[in-house]
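One letter stands for each residue in the lines below.
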Amino acid sequence: MRIWIHKINANLHRYMALPAILLFGLFFLYPLAQGIGISLTDSNGMTTPNFVGLQNFIDFFADDRARNDVRITILFALGSAPLLNLFGLLYALFLDRGLPGKGFVRAVVYLPAVISPLIMGYVWYFILQPERGYLAHVLKEIGLGFLDVNWLGESSSALVVLIAVNVWQYVGMTMIVYLAGLQGIPADLYEAATIDGASRWGALRYVTLPLLYPAIKINVVTNIIGSLSVFEIIVALTDGGPGYATESLSIYILRMLYGSFTGYSTAVALILFLIILIPVVLFLRITRKSEYEL
Amino acid sequence: MNRRLISWLMCAVLVIMLVAGCSSTGSSTAGNTSNGENAAAANDTNVTNNTNDSATNEQKEEVTLKFFTGKVETIDLINELITKFEAEHPHIKVEQEYQKDASNVIKVKFASGDVPDITTVYAQDYVDQGKYLDLSNEAFWARVLPAIKELNTDIKTGKQFRVATNVTMAGIFYNKQVFEELGLKEAATWEEFKSNLQTIKDAKPEMTPMFLAGKDSWTLGHLIEFMAHGVIKQKHGVTDARKAFINNESDKLEFDAAGGGIEAFAGRLLELKEAGLINKDALTATYDNQKEAFASGQSALFSQGMWVLGDLLKLNPDMAGNIGFAPFPAIVDGTEPVVLSAEDSVYAITSESEHPEEAKLFLEFLFQPENLKAYSEFLKSPPAFTDVSADWGPLKDQAAAALETGVNIAFTETPSGFSGDDAGRMVQELLAGKYASSGDFAAAYKEAWDKAWSATNK
Amino acid sequence: MSPELRQGLKYLIGGMMVLISIIPFYVLLYLAMNTPAGSMFKGLFLLPDFYFTNFVDAWNGSKLGRAMLNSTIITCLAVTLIVFVASAAGYSIARYRSRLNLTIFNTLLACMMIPAIIITVPLYSLMKSIDGINTYWAMILLTAANALPLSVFLYASFIRTLPKEVEESAVLDGCTYFTAFYRVTFHFLRPVTSAVVILTGLGIWNNYGQAVFFLQSQEMRTIPLAISMFFQTYGAKWNLMAAAALIGLAPAVLVFLLFQRYFIKGITAGALKG
């Protein structure tokens, strides 16, 4: 009997992930299975749905608005995810070097991530709105009124603004993860590297970055996911407009769901999943190889 | 260390269980709403069964009504009324749920079977699905303005599934002082309207003649709904026009007809843009900007509904005597100016409600003259009940005059996949120069409408 | 570069970082302290009207006190649950490669990428059938479940970087790998635990997408729902919204300040030497 209990105890660590998957299974996987079922129907949330196979997916690729949204979403992520990582890493390296009052700087840089992006998006609108925003007002006051261009009215410049605000909002989050990673690197490794005559850049390249890999991995993956599913910031700043010029796929999905295209919106959500999955898997594959090389 | 950790864990588990225990007992009275299938299958019988139930159990059983509203302005007022109601009927408890996005959230509610008893959200789709209780035989209809009763009548069945307590209007708000100073008159035709704006522009270059709030797409959607659809609505009359919209009778709607409402509207709007008669930032200005610009005298005129009045007076209380209200000018030659005069504050009881009698009791209570008077004066909206006289605001007489001069039109019942917001986004595209001609816009509008209509009318 | 110059540069960069992050918050504060009629910008520098009544009105108007309590209960309990469930899962996944663990990890990772909107309707039916609407426990379990993929991912990644010797010495002393985790390994996880608490805690504190459906009654409203009261059918009450947002921000900042002290250089490194 005691041996039996001991055996369970000795093996308990193998099953410690079970509570997590049970909880997750109930509140995500189980509804997800139903959701995938809905994506194969013409459900409108009211009448009995008919099975339509992959028709929703075919419709998606035939729709101009949908194709435009894919393009916008990818362009946004191409700008946003690398910049977030770059600035997050630079911020973390800078703060890790020891600066009087770094706790304060860290807290302030993180502040935007604390508040809802929707609210912050509206505040940015108060600042950036052409003609009436605070920025336009300041430019006018100091005689530079001609610089007040309609940034948010054109698809391409609006996209730049949206990316900048997104980086501003989440750079603190990226920084936090990098900081947590930097704390895990033993200081004596740097000492060893400096004794070996490595330059500061060399120490960064051959000591810091490889050891930071877990943090890099987390940040790149979460930033790809976050950028490709951008929602609130666009809603607040352009509401996807003018027209549908800055509409992201997440906004499209919600609008389709609320427009009674329930089955179709579910199918688009699955397509967005694939759009996110591909770069994430590629990144993990490529870096896993080099992780062992380093 | 280990012990401390385990104690924390136990503590957390205990608290969660406690919370779970408390709240599940709390919700069990409210939690047994019928499931969707049953109620849908046995629509009529359900009602009679429930009447019996509630009649026999009235002494013991406590009933909880869920009241689902999208009107944030009236939350506190309704809460006060609920308290009063609960005092009169101790066995009934009313829970008010407010949702910012009520008309969308209710779709998810219906789809998942969490259905409120009373709701302010009403859409033709749900009528067709039998989601609402028939209110045709209720006594209060004798007190409702005939025009409003007509608007509350379902086109397809001829029954009433909702009731409106108030009337709202929409038209052109203008600065009276500016109009008097420049000797302008309310415009009936498009030429007059445009020349009014031009006069304002010439005489007061710093003033924006007409202000559009294009960032908020619903404001542009309203232009379509009132001005463009106004052509269709006046041609066929209120009831036939409603029929045409609901059944998508394309021979009557003629969305893509050359010289029709949509095409004319698109052309007119572009005219204003080219002549510089609307604000430069028409695409990025917000509804707040629109109100501020008007209240501060920076713009002379804008299109809105009566709901804007309270905010205007808050922004500039001195303006009360200076706000003019006129019908929308006719955008197609040979047609009349129009003004929206339609239902406001509507209520419906869901057919899946387990307590329809109690729900009706609550509506009866809301419709008592003194409660309606308080409601109307609070909301600054004229009552739709003939036995209620409320002093609802400074535009009372002007509104009456506008209703005389303009053809009264109703809201448009759009397919749920092509809301006013969606139409507004198309107008944004139009202003951004995406359509080569007003004809292209009209064709695209028809396509979007038809697609959405067929999605829910299978 | 002279040391003084370098020091000066550091302050300059630090100052820039602070400034960029804080300007929009100043605008938020400006909005929160303006009279309802005065949301327009006047002058070069934003000098608010110091109209503090907004804070009082916001607090009373949306019953923020109650919302604060609800948000606190849900966030604290959900985060506690996450830390225990996710760290255990992360440990097992990082330390014991089995088909089961690999499947669990990949499933969680994949689900991180699935837009949650896809489960809106099925999840709603589920919440209704388990009587979870308008309850703390269901909201806690739900928000915790949603945060699990990220948390497990964080824990597993960081535990992999810890040397196995950490718990092996404890196992030699007679622990099982299970107890060794709680006795030893867990204490090395402070930086990542604080990251998990901060990241998931804020997500739950700001959760709107689920709360909007499952916390319907006014007594159960959380901060984001309370703030949404200031968005009206047409337009919004910006001043009150800004005031409410600032009030709702305060506890979140406090928690961040409390937990960020675990980012002290060398906790892990110093302990590992021993």
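Cut-off values and rules
- Residues numbered from 1 in each chain as written.
- Chains lettered and ligands numbered in written order.
- Predicted model: local features only at pLDDT ≥ 70, side-chain atom pairs only at ≥ 80, totals over all residues.
- Heavy atoms only, no water.
- Helix = DSSP H or I, 4+ residues; strand = E, 2+ residues; numbered from the N terminus.
- Buried < 20%, exposed > 50% of the residue type's maximum accessible area, 1.4 Å probe, protein only.
- Lys, Arg positive; Asp, Glu negative; His and termini not counted.
- Charge placed at Lys NZ, Arg CZ, Asp CG, Glu CD.
- Rg over C-alpha atoms; globule rule 2.2 N^0.38 Å.
- Contact = heavy atoms within 4.5 Å.
- Areas by Shrake-Rupley, 256 points an atom, 1.4 Å probe, with all protein chains shown as cover.
- Buried area = accessible area lost by both parts, 1.4 Å probe.
- Salt bridge = Lys/Arg side-chain N within 4 Å of Asp/Glu carboxyl O.
- Polar contact = N/O pair within 3.5 Å; in protein donor to acceptor, adjacent residues only side chain to side chain.
- Nonpolar A, V, L, I, M, F, W, Y, C, P; charged D, E, K, R; others polar.
- UniProt positions renumbered as here; feature names shortened; annotations may be inferred.
- Patch = residues over 30% accessible without salt bridge, like charges linked within 9 Å, V, L, I, M, F, W, Y side chains within 5 Å.
- Phe/Tyr/Trp six-rings, centres within 6.5 Å; stacked < 30°, edge-to-face > 60°.
- pLDDT = per-residue confidence, 0-100.
- Axes fitted to C-alpha atoms, helices over the stretch in contact; angles between N-to-C directions.
- Parallel < 35°, antiparallel > 145°, perpendicular 65-115°, else oblique.
- Left-handed = near helix turned anticlockwise from the far one by under 90°.
- Pairing = 2+ DSSP bridges.
- Arc of directions from axis to C-beta.

Chemist: Whenever I open this one, the overall build of chain C confuses me. Can you help?
Modeler: Scanning chain C for helices and strands turns up 13 helices and zero strands. Along its sequence from the N terminus, chain C presents helices and strands in the succession α-α-α-α-α-α-α-α-α-α-α-α-α. Expressed as a percentage of the 274 residues in chain C, the buried residues total 59%. Each charge class in chain C can be summarised by its mean position, and for the 18 positive and 9 negative side chains these summaries are 4 Å apart.

Chemist: Which parts of the structure should I look at to understand the overall build of chain A?
Modeler: Each helix and strand counted, chain A has 14 helices and zero strands in total. Taking 2.2 N^0.38 as the reference for a compact globule, 294 residues should give roughly 19 Å; the C-alpha atoms of chain A span a radius of gyration of 24 Å, well beyond that estimate. Along the first, second and third principal axes, the C-alpha set of chain A runs to 75 × 65 × 30 Å. Looking at the 294 residues of chain A, the share that counts as buried comes to 58%. For chain A, long-range pairs separated by at least 24 residues make up 69% of all intrachain contacts whose partners lie at least 6 apart in sequence. With the model as given, the accessible surface of chain A reaches about 12700 Å², and the carbon-plus-sulfur share is 68%.

Chemist: Explain the interface of chain C and chain A here, please?
Modeler: Listed by partner, the interface residues are 96 residues for chain C and 95 residues for chain A. Of the roughly 8400 Å² buried where chain C meets chain A, counting both sides, 82% is carbon and sulfur surface. Taken together, chain C and chain A are joined by zero salt bridges. Taken together, chain C and chain A are joined by five residue pairs in polar contact (both at pLDDT 80 or more). Among the residues forming the side of chain C that touches chain A, the class breakdown is 75 nonpolar, 16 polar and five charged.

Chemist: Hey, could you run me through the UniProt feature "transmembrane region" (unreviewed entry) in chain C in this one?
Modeler: All names here are of chain C. When the UniProt feature table is mapped onto this chain, "transmembrane region" (unreviewed entry) is found at residues 12–33, 67–91, 103–124, 136–156, 188–205 and 238–259. The annotated region residues 103–124 carries 68% helix and 0% strand content, and the separation between its end C-alpha atoms amounts to 27 Å. Split by type, residues 238–259 is 100% helix and 0% strand. Its first and last C-alpha atoms lie 31 Å apart.

Chemist: Hey, could you run me through a nonpolar patch on the surface in this one?
Modeler: All names here are of chain C. A contiguous nonpolar surface patch, about 450 Å² in accessible area, is contributed by Leu9, Leu12, Ile13, Met16 and Ile20. In this fold, methionine 16 is placed in helix H1 (residues 3–32). According to the relative accessible area criterion, methionine 16 is partly exposed, its value standing at 47%.

Chemist: Explain the UniProt feature "transmembrane region" (unreviewed entry) in chain A here, please?
Modeler: Residues and elements named next belong to chain A. Residues annotated by UniProt as "transmembrane region" (unreviewed entry) correspond here to residues 72–95, 107–127, 158–180, 218–237 and 257–284. Structurally, residues 218–237 comprises 85% helix and 0% strand, and the distance from its first C-alpha atom to its last is 28 Å. The span residues 257–284 is 89% helical and 0% strand by assignment, and the distance between its end C-alpha atoms comes to 32 Å.

Chemist: Teacher, can you tell me more about the packing of aromatic side chains here?
Modeler: The description of two aromatic rings rests on the distance between their centres and on the angle between their planes. All names here are of chain A. Following the criterion strictly, the structure yields 46 aromatic pairs over all chains and no others. Ring geometry for tyrosine 252 versus tyrosine 264: centroids 6.1 Å apart, planes at 85 degrees, classification edge-to-face. One end of the pair, tyrosine 252, is in helix H13 (residues 249–258); the other, tyrosine 264, is in helix H14 (residues 262–293), with 12 residues separating them in the sequence. Using a relative accessible area of 2% as the deciding quantity, one classes tyrosine 252 as buried.

Chemist: What is the right way to look at the side chain of threonine 41 of chain A in this model?
Modeler: Residues and elements named next belong to chain A. Within the secondary structure, threonine 41 is located in the loop between helix H2 (18–38) and helix H3 (55–62). What makes threonine 41 buried here is its relative accessible area of 11%. Looking at threonine 41, its side chain comes within polar contact range of the main-chain oxygen of isoleucine 38, at 2.7 Å. Here serine 43 takes part through its backbone nitrogen, which lies 3.2 Å from a polar atom of the side chain of threonine 41. Setting aside residues up to four positions removed in sequence, threonine 41 forms contacts with Pro49, Asn50, Phe51, Val52, Asn56 and Gly263.

Chemist: What am I meant to see in the side chain of serine 39 of chain A here?
Modeler: Tracing the backbone shows serine 39 of chain A in the loop between H2 and H3. Setting aside its immediate chain neighbours within four residues, serine 39 of chain A contacts Gly53, Asn56, Phe57, Gly263, Thr266, Ala267 and Leu270 of chain A.

Chemist: So what exactly am I meant to see when it comes to the confidence of the model for chain C here?
Modeler: A low pLDDT score tells you not to read the predicted coordinates there in detail. Residue and element names in this part refer to chain C. Averaged over every residue, the pLDDT of chain C is 85; residues scoring 70 or more account for 92%. In the model, residues 265–274 has pLDDT below 50 throughout and makes 22 contacts with residues more than four positions away in sequence or in other chains. Predicted complex metrics record ipTM = 0.86 and pTM = 0.86.

Chemist: Where do I start with the packing of helix H11 (residues 213–228) of chain A against helix H6 (residues 136–161) of chain C in this structure?
Modeler: Any two packed helices are characterised by the angle at which their axes cross and by the distance between the axes. Contact geometry of H11 of chain A with H6 of chain C gives a least axis separation of 9 Å together with a crossing angle of 160 degrees. It follows from the interaxial angle that H11 of chain A and H6 of chain C lie roughly antiparallel. With respect to the hand of their crossing, H11 of chain A and H6 of chain C are arranged in right-handed fashion. Residues Pro214, Lys217, Ile218, Val221 and Thr222 of chain A of H11 of chain A form the contact with H6 of chain C, whose own contacting residues are Leu150, Phe153, Leu154, Ser157, Phe158, Arg160 and Thr161 of chain C. In terms of residue class, the contact of H11 of chain A with H6 of chain C is built from seven nonpolar, three polar and two charged.

Chemist: How should I be thinking about the environment of phenylalanine 67 of chain B in this particular structure?
Modeler: Residues and elements named next belong to chain B. Note that phenylalanine 67 resides in strand S1 (residues 63–69). Sequence separation between phenylalanine 67 and glutamine 96 is 29 residues; the distance between their C-alpha atoms is 4.7 Å. Those residues in contact with phenylalanine 67 that sit more than four places away from it in its chain are Ile78, Val94, Glu95, Gln96, Glu97, Ile118, Thr120 and Tyr347.

Chemist: Mind showing me how you'd approach the pairing of strand S7 (residues 323–326) of chain B here?
Modeler: Within a regular strand, side chains alternate between the sheet's two faces. Residue and element names in this part refer to chain B. Neither face of S7 is open: one carries Ile323 and Phe325, the other Gly324 and Ala326, and all of them are buried. Across four bridges, the pairing between strand S4 (residues 163–175) and S7 is antiparallel. Note that in S7 the partner of asparagine 175 across the bridge is isoleucine 323.

Chemist: Before we go on, may I ask you to explain the UniProt feature "domain: ABC transmembrane type-1" (unreviewed entry) in chain A in this structure?
Modeler: Annotation from UniProt places "domain: ABC transmembrane type-1" (unreviewed entry) at residues 70–283 of chain A. With 77% helix and 0% strand, residues 70–283 of chain A has end C-alpha atoms that lie 20 Å from one another.

Chemist: Is there a simple way to think about unusual backbone geometry in this case?
Modeler: Residues other than glycine predominantly adopt negative phi, and peptide bonds predominantly adopt the trans conformation. The backbone of glutamate 131 of chain A sits at a positive phi, close to 70 degrees, despite the residue not being glycine. Note on glutamate 131 of chain A: relative accessible area 29%, which makes it partly exposed. For lysine 380 of chain B, which is not a glycine, the phi torsion comes out positive at approximately 55 degrees. Note that lysine 380 of chain B resides in the loop between helix H16 (369–379) and helix H17 (396–405). Among the residues examined, lysine 380 of chain B registers a relative accessible area of 29% and is labelled partly exposed.

Chemist: Is there a simple way to think about the pattern of salt bridges in this case?
Modeler: Pairing between side chains of opposite charge can happen when their charged atoms approach one another. In total, this model carries 35 salt bridges over all chains according to the counting rule given. The partner of aspartate 114 of chain B in a salt bridge is lysine 109 of chain B, with the nearest N and O atoms 3.3 Å apart. The same class applies to aspartate 114 of chain B and to lysine 109 of chain B, which are both buried. Two residues, aspartate 450 of chain B and lysine 446 of chain B, come together in a salt bridge whose shortest N-O distance is 3.1 Å. A residue pair is termed a helical-turn pair when its members lie 3 or 4 positions apart in one helix, as aspartate 450 of chain B and lysine 446 of chain B do in helix H19 (residues 438–456) at four residues. One salt-bridge network, held together by shared partners, links Arg65, Asp239, Glu247 and Arg255 of chain A together with Asp422 and Arg425 of chain B.

Chemist: Just checking my understanding: could you explain H17 of chain B for this structure?
Modeler: Residue and element names in this part refer to chain B. Where H17 is concerned, the buried positions are Gln398, Ala399 and Ala402. Across the axial projection of H17, the buried residues extend over an arc of 100 degrees, all falling on one side. The exposed set on the far side of H17, more than 90 degrees from its buried face, consists of Asp397 and Glu404. Turning to H17, the residues buried within the fold contact S4, helix H8 (176–181), S7 and strand S8 (338–349).

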